[in-house]
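# Tertiary structure, described
What follows is each chain in one-letter form.
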Amino acid sequence: MAEQMDSTRLRSLVDGVLATLYQSYRHQDLPELCERLGLPPVPPNDGTSKHDRLKASLHACPDEWLVRVVQALLDTERMSFGQTRDLQDAIWIGRPHVEIPGRTRRELARDFDLVCHLGYPDRFLVLLGQFWDLGENEFEVWGPHLGTLHADIQRHVIRFQDDWTTEYLFEQLGALDAPHPRFGRFIEGLASPAVLPDEQAQRRFVEFANQHLQPIGAQLREEGEADGYPQFHLAQLGRGTARRPRNLIFATLGKPDIRFTSALDNDIEIAEQEDKILVYDRPVGKGGLLWSDLLSWWQETRDADDAALALYDRMKASLPDRSEGQKNLFWLYHHIYKRQLSDVPALLPEIWVHWDPKSIRQRRERALQNLRMDFLMLLPGNRRVVLEVDGMQHYTRDEGTKPDSAKYAATMAGDRDLKFRGYEVFRFGRDELRDRDRARPVVADFFSSLLGRSPDPSS
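A brief report on the enclosed structure follows. (Residues numbered from 1 in each chain as written. Predicted model: local features only at pLDDT ≥ 70, side-chain atom pairs only at ≥ 80, totals over all residues. Heavy atoms only, no water.)

## Points about the overall build of the protein
Check the secondary structure of the protein and you find 18 helices and 12 strands. Taken across its 459 residues, the protein has 44% of its residues classed as buried. The contacts of the protein with a sequence gap of at least 6 include a subset with a gap of at least 24, amounting to 64%. Of the accessible surface of the protein, which amounts to about 24,500 Å², a share of 47% is contributed by carbon and sulfur atoms. (Helix = DSSP H or I, 4+ residues; strand = E, 2+ residues; numbered from the N terminus. Buried < 20%, exposed > 50% of the residue type's maximum accessible area, 1.4 Å probe, protein only. Contact = heavy atoms within 4.5 Å. Areas by Shrake-Rupley, 256 points an atom, 1.4 Å probe, with all protein chains shown as cover.)

If you want it as structure tokens, here you go:
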């Protein structure tokens, strides 16, 4: 999200910088300085002070120019850390950013092992100095900087690595209560190749960080590369929904025969063929619905010698015989994460998103589209992710012999409706998943990006 820019504060901050900046320039230098910073022309030298001339230029500057002026100051002028910090925070708050609450920051810091970053201590210190006040005077070049946070970090974090916990370091930096954009950019910096010139170390940190970020609907996402190393950007994952599911009807072997035993409490009952329908009716927490949650529910409600295999087989049995793509997607997901299943979201097949006791033919133009989805995943941050494997039935009729634009339009309308309700919809083409071996890298890359978790190396 982004907050509205406070132009009055921004103008005041720029004026504060100009009040010290003028000392580095002569009167005849001011026109070129204003041009470089994107300020209006400075008034002629009529005997007024350099600062007053710069103030007059700033007074004539429209509000919509201020962000550009601030960026020029940051790019070209030497300032104290406090001035730089305040200008950065003022413009960053007006740009899209991810809000990371204090609890998430503290829990991340508490679990953060700095060992990889301390393998590159100089790079790590440079990063800290970019975002936090280490007590150094940028204009003082003589002698060692003793009694500063910079010196303390060198001693207690880098030299004697067990002196300070990472949580305590974050407290000393001011990271736990810093503005959201600054903390987010700091997290991006920790994943940067400029700080960690080791791809495997980068990915380990990203996977660790995402375990803490995903419950708040955020993720470090790979976007491009720099000098052959991956670059990661902090991104807000789908908007999700403020509501949590109450009933999950999935892995059905036919249309559910449902009735409400208490309409006031939304209590439902499968009236007939209960064994052909699975209903998960437990609360879904902020971490989403994991395979381990689903397995625990299955074990407590059924007798099975091998509960995990029995649950897998029961869900697999609901997949349509004619959809090899769905079968391959289901098999590949469980195979590539076979050693991490307890920690990954459950992949729910044949999930009912809408339900209507009447048929589409009976409802006609008032019919709900896309009643049942191929797969659903409930991720941290209340994200609801629908996965669809498009077969010919989505855009043809008469056994796939004739194109049907009306069916395709209905499918797209259903997607739009789901997206407006806060769902994320991803579609796989039939040919992408028809061959399991060829589909493996496609599926692995997709889930790695979606979940921020690398597949098992042995898969």
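## Concerning the environment of P380
Within the fold, P380 resides in the loop between strand 8 (372-379) and strand 9 (383-390). C-alpha of P380 to C-alpha of L237: the two residues are 143 residues apart in sequence and 9.7 Å apart in space. Setting aside anything within four residues of it in sequence, one finds P380 in contact with Q214, P215, G217, K286, G287 and G288.

## Some points on the packing of aromatic side chains
Following the criterion strictly, the structure yields 21 aromatic pairs and no others. Ring centres 5.1 Å apart and planes at 75° place the aromatic pair F428 and F446 in the edge-to-face group. Of this pair, F428 sits in strand 12 (residues 423-429) while F446 sits in helix 18 (residues 436-451), and the two are 18 residues apart along the sequence. Given a relative accessible area of 16%, F446 falls into the buried group. Among the aromatic side chains, those forming a connected cluster through ring pairs are W92, F112, F131, W132, F170, F183, F186, F205 and F208. The ring of W331 has R436 sitting right over it, with the charged end atom 4.1 Å from the ring centre. (Phe/Tyr/Trp six-rings, centres within 6.5 Å; stacked < 30°, edge-to-face > 60°. Lys NZ or Arg CZ within 6 Å of the ring centre and 35° of its normal.)

## Considering helix 11 (residues 199-213)
Helix length check: helix 11, at 15 residues, gives a terminal C-alpha distance of 20 Å against a target of 21 Å (1.5 Å per residue), a fit within 8%. Residues of helix 11 that are buried: A201, Q202, F205, V206, F208, A209, N210, H212 and L213. If you follow the buried residues of helix 11, they end up packed against helix 6 (102-111), helix 10 (180-190), strand 1 (218-226) and strand 2 (229-236). Its side-chain oxygen at 3.1 Å from the backbone nitrogen of Q200, D198 defines the N-terminal cap of helix 11. (Expected span 1.5 Å × (residues − 1). Polar contact = N/O pair within 3.5 Å; in protein donor to acceptor, adjacent residues only side chain to side chain.)

## Concerning the sheet that holds strand 12
Strands belonging to one sheet form pairs held by backbone hydrogen bonds; the direction of such a pair is parallel or antiparallel. The strand order 7-8-9-12 describes an open sheet built from four strands, whose pairing is mixed. Bordering the open sheet on either side are strand 7 (348-352) and strand 12, each of which pairs with just one other strand. Between one strand axis and the next, the sheet turns through 40° on average, direction left out of account. One ladder, built from four bridges, connects strand 7 with strand 8; its direction is antiparallel. Residue L348 lies in a different strand from strand 8, and its bridge partner there is L376. Seen against the sheet, helix 14 (residues 324-336) touches strand 7, strand 8, strand 9 and strand 12 and runs at an angle of roughly 20° to strand 8. (Pairing = 2+ DSSP bridges. Axes fitted to C-alpha atoms, helices over the stretch in contact; angles between N-to-C directions.)

## Brief notes about the pattern of salt bridges
As enumerated under the stated definition, the model contains 19 salt bridges in all. Among the ionic pairs, E77 bridges to R36, the shortest N-O distance being 2.5 Å. Highlighted residues: E77 in the loop between helix 4 (66-76) and helix 5 (81-92) and R36 in helix 2 (residues 30-37), separated in sequence by 41 residues. A single salt-bridge network, built from bridges that share partners, covers R106, R110, E167 and E171. (Salt bridge = Lys/Arg side-chain N within 4 Å of Asp/Glu carboxyl O.)

## Let's talk about the packing of helix 1 (residues 7-21) against helix 5
For the pair helix 1 and helix 5, interaxial distance at closest approach is 10 Å and the crossing angle is 155°. What the angle tells us is that helix 1 and helix 5 run roughly antiparallel. Where helix 1 crosses over helix 5, the two elements pack in a sense that is left-handed. Contacts between helix 1 and helix 5 involve R9, L10, L13, V14, G16, V17 and T20 on the former and, on the latter, Q83, D86, L87, A90 and I91. (Parallel < 35°, antiparallel > 145°, perpendicular 65-115°, else oblique. Left-handed = near helix turned anticlockwise from the far one by under 90°.)

## What to know about the nonpolar core
Within the largest apolar cluster, 68 residues are counted, with the highest numbers of intra-cluster contacts made by L73, L128, W132, I153, L173, F205 and L220. Excluding its chain neighbours within four sequence positions, the residues that come into contact with F205 are F112, H117, I187, L190, A191, L196 and L220. In terms of nonpolar packing, the next biggest core, distinct from the first, is built from 51 residues, I336, L387, F428 and F447 among them. (Core = buried A, V, L, I, M, F, W, Y, C linked by side-chain atoms within 4.5 Å.)

## What to know about the pairing of strand 9
Here strand 9 lies mainly inside the structure; eight of its eight residues are buried. By the alternation rule, side chains of strand 9 split into R383, V385, L387 and V389 and R384, V386, E388 and D390, which are all buried. In the sheet, strand 8 pairs with strand 9 via five bridges, with the strands oriented antiparallel. Bridge pairing in strand 9 links F375 to L387.

## Topic: helix 13 (residues 307-317)
Among the residues making up helix 13, those that are buried are A307, L311, Y312, R314 and M315. All buried residues of helix 13 lie within an arc of 165° about the axis, which places them on one face of the element. Lining the buried residues of helix 13 we find strand 3 (248-250), strand 6 (278-280), helix 12 (291-301), helix 14 and strand 7. (Arc of directions from axis to C-beta.)

## Topic: the side chain of Q202
Relative to the assigned elements, Q202 resides in helix 11. Every residue in contact with Q202, bar those within four places of it in the chain, is listed here: A191, S192, P193, L196, Y229, P230 and F232.

## Side note on the side chain of H334
Its place among the elements puts H334 in helix 14. With a relative accessible area of 7%, H334 lands in the buried category. A polar atom in the side chain of H334 sits 2.8 Å from the backbone oxygen of F330. With sequence-adjacent residues up to four places away left out, H334 is seen in contact with W291, Y312, L341 and L347.

## A look at the packing of helix 7 (residues 121-131) against helix 10
At a minimum axis separation of 10 Å, helix 7 and helix 10 run at an interaxial angle of 165°. Taken together, the axes of helix 7 and helix 10 are roughly antiparallel relative to one another. Crossing handedness for the pair helix 7 and helix 10: right-handed. When helix 7 is examined against helix 10, the residues F124, L127, L128, Q130 and F131 are found in contact with a partner set consisting of R182, R185, F186, G189 and L190. Here the residues of the contact of helix 7 with helix 10 are counted per class, giving six nonpolar, two polar and two charged. (Nonpolar A, V, L, I, M, F, W, Y, C, P; charged D, E, K, R; others polar.)

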